[in-house]
Amino acid sequence: MTQLALEERWKHQGIENGGLAAHREWLAAMEYSIEQVALSNRTFQVDDVTDYMHEHWKPIPTTHDARAMGAVTSYARRAKMIVPGGYVPSKRFNNRKGPRTLWKSLIYNGDEVI
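Residues numbered from 1 in each chain as written. Predicted model: local features only at pLDDT ≥ 70, side-chain atom pairs only at ≥ 80, totals over all residues. Heavy atoms only, no water.

(A) Inspection of the overall build of the protein chain at higher detail. A tally of regular secondary structure across the protein chain gives 4 helices and 3 strands. Starting at the N terminus, the α and β elements of the protein chain follow one another as α-α-β-α-α-β-β. In the protein chain, which comprises 114 residues, the share counted as buried stands at 32%. Of all intrachain contacts in the protein chain linking residues separated by at least 6 positions in sequence, the fraction that spans at least 24 positions is 64%. Carbon and sulfur atoms make up 55% of the accessible area of the protein chain, which totals about 7,400 Å². (Helix = DSSP H or I, 4+ residues; strand = E, 2+ residues; numbered from the N terminus. Buried < 20%, exposed > 50% of the residue type's maximum accessible area, 1.4 Å probe, protein only. Contact = heavy atoms within 4.5 Å. Areas by Shrake-Rupley, 256 points an atom, 1.4 Å probe, with all protein chains shown as cover.)

(B) Geometry of unusual backbone geometry. The peptide bond linking lysine 58 to proline 59 adopts the cis configuration, its omega dihedral lying at -10 degrees. Relative to the assigned elements, proline 59 resides in the loop between α3 (46–56) and α4 (69–78). Positioned with a positive phi, lysine 80 is a non-glycine residue whose angle comes to about 60 degrees. By the secondary structure assignment, lysine 80 is in the loop between α4 and β2 (82–89).

Here it is in structure tokens:
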């Protein structure tokens, strides 16, 4: 196995481990939220998914590590809801406008709300 193949395998293992370690309520809320955002937006980033959850879930579930979001986007990709479409700056000040994946919805069915 090449170094590149090993690195890709470790990356996917890390994403899956993040999902396994995430709090179940948070993971369920984020999986529901990413589906709802994908249904109503042609394109979006994970900040939009987090915003949706904060607006629609009370009390707001938490998890100890926001990197578990990789497991949420992997779930949506496997379910054929989204595909990556490039990069955009983060909407979060604390992320210093660092690059975020721009996700393209494969299930979009209405007017954009975000």
